[in-house]
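This is what each chain is made of:
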Amino acid sequence: MGSSFHHFILVILCSSCLLGAVAAASSPKTRHFRWEVANMFWSPDCLENVVMGINGQFPGPTIRAKAGDTIVVHLTNKLHTEGLGIHWHGIRQFDTPWADGTASISQCAINPEETFVYRFKVDKAGTYFYHGHYGMQRSAGLYGSLVVDVADGEKEPFHYDGEFNILLSDWWHKNVHEQEVGLSSKPLRWIGEPQSILLNGRGQFNCSLAARLGNGSSSLCSLRADAQCAPQVLRVQPNKTYRLRIASTTSLSSLNLAIGNHKMVLVEADGNYIKPVAVDNIDIYSGESYSVLFTTDQNPSKNYWISASQRGRKPPVPPPGLTFLNYLPNSPSVPTSALPQSPAWDDITASKSFANKIVALLGLPTPPIRHDRRIFLLNTQNRIDGFIKWSINNVSLVLPSTPYLGSIKHKLKGAFDDKSPPETFSSNYDIRIPPVNPNATQSSGVYKIEFNTTVDVILQNTNALAANVSEIHPWHLHGHDFWVLGYGEGMYSEEKHGKQLNLKNPPLRNTVVIFPYGWTVIRFVADNPGVWAFHCHIEPHLHMGMGVIFAEAVDRVKNIPDEAIACGQTGKMFMHNHHG
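- As recorded in an unreviewed UniProt entry, the chain goes by L-ascorbate oxidase and comes from Papaver somniferum.
- Its UniProt record gives the chain a comment under Cofactor (unreviewed entry), which states: "Cu cation".

Set out below in structure tokens:
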């Protein structure tokens, strides 16, 4: 494997092509889509269930566009009994903050039988996805892929012969409303581990694909090639280089993806180029996306497993999600080899080592040297009136009935809590033990941020309510990419850790993880007027209050469409102006 692999690295390490040869580029296009979101019967893991589909499809249709294009989605809500909102994850929404798709934050929920038009520009090539952002609709299966290719005349900084796209998700047999009720009950009824890991919406619960895992050959379902749960096999030619785009829209699971016998080279993270790095497997947390390159240089008479196994949660966990590389002209038969090895579920050292390998490609923008403002966010599990919640600086987020974007723009009084949330926490908080006083408060307050300032956020992880439990939390920022300046263990201290931060080539991301009992520092420039969520991307954690709201120069936002914000108090104001 060695020599051909090194040759492969040389072939793709064409960082000088980053800027590409700009040929006579054709002008950007406007791409129109008409979608209806409805509940339907489907068998994601061979067991029939109700999923949220788009135009009768699960996962929803893949959007493919070129950098600079405008996407227009006419979205009709056919759910009959609940509202709807779709977030375009990783798309920054410059000049269109109302198209971010966050119900109660950037827009009103789209009511049953209403149509809302999302119109936004995709300004940057990369691997993205979209998902429901109202209640826990992502857990119900409302998601799909969004891939942005380089503009005409531009080139990627690496070469490949073909590409595949995998969207990772997890699936429960318990419906999403039952999950939500459990999370809002006293005592808490936790959703438990998913039954299946899905690749492009396909997984196998007690199926013959898993019979290879040494569970004997008994199987509760026969896997026909035309079944909705049959894996989409990746058909490859020998001795070619392929790009594999991977995004994770899981509700809970952190995953590790590996391809049997094949090395991978990471080249993109969250829509940003990174310095190519060879890896045996990749950790991918909810909200993250990557591109890897792999070369089909193995024995061409065999097929090879691709597995996505759960990490960071105590077994029993679901079996890995599986598909395989089918080397043509072989038949697409299940590989006879063992599954690729992923690190042990609790091998945090491997995860940290992987995270630290990711740095920006030479030539990408570096962060401002200094911050103008620092916000420290302490991530804790708490109780409010006996209900278990997640809190930030002892405040658990609740969303108002009037979208912030409308109430702040129109200076409405009392639409949300006008007291600013705390920007720091007590320096003598002991992150190693459960909270001494577990009581927290709820608030809909926002952090107001001045336009064009440089903001550092220090995410600090702690012990949950149970002793010796600290979980992994992937945090996602809307409306921005940020630089990941560093990760570390224990309590963050400027004296101790400030000098370790990477200002030279930190990666640009839109999602970042905090490790158990650890800290993560990010930096972003507040250059995008709007109201933006920053939250844990684990669906039940956000549902239980783990998030904050950044309001940024909302006075500069122009031309908010009425239908985006005409509900709650803004709706009443429009009615009054209309009739008054």
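1. Describing the sheet that holds strand S2 (residues 49–54)
Logical step 1: Strand order across the open sheet formed by four strands is S2-S1-S4-S6, with mixed pairing between neighbours. The open sheet has two edge strands, S2 and strand S6 (115–121), and neither has a second partner. Neighbour-to-neighbour, the strand axes of the sheet open up by a mean angle of 20 degrees, direction not taken into account.
Logical step 2: Relative to S6, strand S4 (residues 70–77) runs antiparallel, the two sharing seven bridges. Bridge pairing in S6 links Thr 70 to Lys 121.

2. What about helix H2 (residues 176–183)?
Logical step 1: When H2 is considered as a whole, its buried residues turn out to be Val 176, Gln 179, Glu 180, Gly 182 and Leu 183. In an axial view of H2, the angular spread of the buried residues amounts to 160 degrees, which keeps them on one side of the axis.
Logical step 2: Its side-chain oxygen 2.8 Å from the backbone nitrogen of His 177, Asn 175 forms the N-cap of H2.

3. Re the domain arrangement of the chain
Logical step 1: Per the domain assignment, the segments making up the chain are domain 1 (30–149), domain 2 (162–214 + 227–357) and domain 3 (373–570).
Logical step 2: Each partner contributes to the interface: domain 1 provides 33 residues, whereas domain 2 provides 42 residues.
Logical step 3: Considering only the surface of domain 1 that becomes buried against domain 2, Asp 45, Thr 127 and Met 136 emerge as the three largest contributors, covering 24% of it.
Logical step 4: Along the contact surface separating domain 1 from domain 2 lie two salt bridges.
Logical step 5: Among the salt bridges present, the one from Arg 64 reaches Glu 163, with a minimum N-O distance of 2.9 Å.
Logical step 6: Taken together, the links from domain 1 to domain 2 amount to 21 residue pairs in polar contact (both at pLDDT 80 or more).
Logical step 7: Going through the elements one at a time, S2, strand S7 (126–132) and strand S8 (143–149) are the ones with two or more residues in the side of domain 1 that touches domain 2.
Logical step 8: Of all the elements, S8 adds the most residues to the side of domain 1 that touches domain 2, at six residues.

4. A short note on the packing of aromatic side chains
Logical step 1: All told, the structure shown has 24 aromatic pairs when counted by the stated rule.
Logical step 2: Here Trp 88 and Phe 120 contribute two aromatic rings whose centre-to-centre distance is 5.1 Å and whose plane-to-plane angle is 35 degrees, an arrangement assigned as tilted. Of this pair, Trp 88 sits in strand S5 (residues 86–89) while Phe 120 is found in strand S6, placing the two residues 32 residues apart along the sequence.
Logical step 3: Look at Trp 88 and you get buried, because its relative accessible area is 0%.
Logical step 4: Its relative accessible area of 1% is what places Phe 120 among the buried residues.

5. A closer look at the side chain of Gln 310
Logical step 1: Structurally, the position occupied by Gln 310 is in strand S18 (residues 304–311).
Logical step 2: Separated by 3.3 Å, the side chains of Gln 310 and Glu 193 make a polar contact.
Logical step 3: Setting aside chain neighbours within four positions, we find Gln 310 in contact with Glu 193, Pro 194, Ser 253, Ser 254, Leu 255, Val 317, Pro 318 and Trp 345.

6. Focus: the pairing of strand S21 (residues 387–392)
Logical step 1: Buried residues dominate S21, accounting for five of its six residues.
Logical step 2: Sheet topology note: the strand S20 (residues 373–384)/S21 ladder contains six bridges and is antiparallel. Paired with Arg 383 across the two strands is Ile 388, which belongs to S21.
Logical step 3: The turn joining S20 and S21, which pair antiparallel and follow one another in sequence, is formed by two residues; a positive phi near 55 degrees is taken by Asp 385.

7. What about the nonpolar core?
Logical step 1: Membership of the largest hydrophobic core comes to 83 residues, with the highest contact counts inside it found for Trp 35, Trp 88, Phe 534 and Phe 550.
Logical step 2: Leave out the neighbours within four places in its chain, and Trp 35 touches Ile 54, Asn 55, Pro 61, Ile 63, Val 73, His 74, Leu 75, Thr 76, Ile 86, Trp 88 and Tyr 130.
Logical step 3: Counting 31 residues, the second-largest nonpolar core is a separate cluster that includes Ile 166, Leu 234, Leu 244 and Ile 284.

8. Here we look at the UniProt feature "domain: Plastocyanin-like" (unreviewed entry) in the chain
Logical step 1: The positions that UniProt labels "domain: Plastocyanin-like" (unreviewed entry) are, in the present scheme, residues 38–149, 164–324 and 432–553.
Logical step 2: End-to-end, the C-alpha atoms of residues 38–149 are 29 Å apart, and along that stretch the chain is 0% helix and 43% strand.
Logical step 3: As a span, residues 432–553 carries 7% helix and 43% strand, and end to end its C-alpha atoms are 38 Å apart.

9. Some details on the state of the cysteines
Logical step 1: Taken as a whole and judged by the stated rule, the model has two disulfides.
Logical step 2: Residue pairing for Cys 46: its cysteine sulfur links by disulfide to Cys 229, the two sulfurs lying 2.0 Å apart. An S-S torsion of about 100 degrees defines the bridge between Cys 46 and Cys 229 as right-handed. With Cys 46 in the loop between strand S1 (30–42) and S2 and Cys 229 in the loop between strand S10 (196–199) and strand S11 (234–236), this residue pair connects regions lying 183 residues apart in the sequence.
Logical step 3: At a sulfur-sulfur separation of 2.2 Å, the disulfide partner of Cys 108 is Cys 567. Between Cys 108 and Cys 567, the S-S torsion sits near -100 degrees, and that sign places the bridge as left-handed. Taken as a pair, Cys 108 in the loop between S5 and S6 and Cys 567 in the loop between helix H7 (562–565) and helix H8 (568–579) lie far apart in primary sequence, 459 residues in all.
Logical step 4: Cys 108 sits in the buried class, given a relative accessible area of 8%.

10. Considering the confidence of the model for the chain
Predicted coordinates in regions of low pLDDT should not be interpreted in detail.
Logical step 1: Of all residues in the chain, 93% attain a pLDDT of 70 or more, and the chain-wide mean is 93.
Logical step 2: Note that pLDDT drops below 50 for residues 1–24; the model gives that stretch 42 contacts with residues more than four away or on any other chain.
Logical step 3: With pLDDT under 50 throughout, residues 212–218 is counted as low confidence; its partners more than four residues away or in other chains account for nine contacts.

11. Re the side chain of Thr 454
Logical step 1: Topologically, Thr 454 is positioned in strand S25 (residues 454–460).
Logical step 2: Residue classification places Thr 454 among the buried positions, given a relative accessible area of 6%.

12. Re unusual backbone geometry
Leaving glycine out, the prevailing phi sign among residues is negative, and the prevailing peptide bond configuration is trans.
Logical step 1: Going from Lys 186 to Pro 187, the amide bond is cis rather than trans, its omega being -5 degrees.
Logical step 2: In this fold, Pro 187 is placed in the loop between H2 and S10.
Logical step 3: Cis peptide bonds are those with omega within 30 degrees of zero, and the linkage from Leu 328 to Pro 329 qualifies with 5 degrees.
Logical step 4: Within the secondary structure layout, Pro 329 lies in the loop between strand S19 (321–327) and helix H3 (348–356).
Logical step 5: Its identity as a non-glycine residue notwithstanding, Asn 239 has a phi of 60 degrees, on the positive side.

13. Regarding the pairing of S8
Within a regular strand, side chains alternate between the sheet's two faces.
Logical step 1: Summarising burial for S8: seven of the seven residues are buried, a large majority.
Logical step 2: The side-chain alternation of S8 yields two buried faces, one formed by Tyr 143, Ser 145, Val 147 and Asp 149 and the other by Gly 144, Leu 146 and Val 148.
Logical step 3: Summarising the sheet, strand S3 (residues 63–66) and S8 pair through four bridges and their orientation is parallel. For Lys 66, the partnering residue across the bridge sits in S8 and is Asp 149.
Logical step 4: As paired strands, S7 and S8 are joined by six bridges and run antiparallel to one another. The partner of Tyr 130 across the bridge, within S8, is Gly 144.

Calculation criteria
Residues numbered from 1 in each chain as written. Predicted model: local features only at pLDDT ≥ 70, side-chain atom pairs only at ≥ 80, totals over all residues. Heavy atoms only, no water. UniProt positions renumbered as here; feature names shortened; annotations may be inferred. Pairing = 2+ DSSP bridges. Helix = DSSP H or I, 4+ residues; strand = E, 2+ residues; numbered from the N terminus. Axes fitted to C-alpha atoms, helices over the stretch in contact; angles between N-to-C directions. Buried < 20%, exposed > 50% of the residue type's maximum accessible area, 1.4 Å probe, protein only. Arc of directions from axis to C-beta. Polar contact = N/O pair within 3.5 Å; in protein donor to acceptor, adjacent residues only side chain to side chain. Domains from an automatic or database assignment. Contact = heavy atoms within 4.5 Å. Buried area = accessible area lost by both parts, 1.4 Å probe. Salt bridge = Lys/Arg side-chain N within 4 Å of Asp/Glu carboxyl O. Phe/Tyr/Trp six-rings, centres within 6.5 Å; stacked < 30°, edge-to-face > 60°. Core = buried A, V, L, I, M, F, W, Y, C linked by side-chain atoms within 4.5 Å. Disulfide = S-S within 2.5 Å. pLDDT = per-residue confidence, 0-100.

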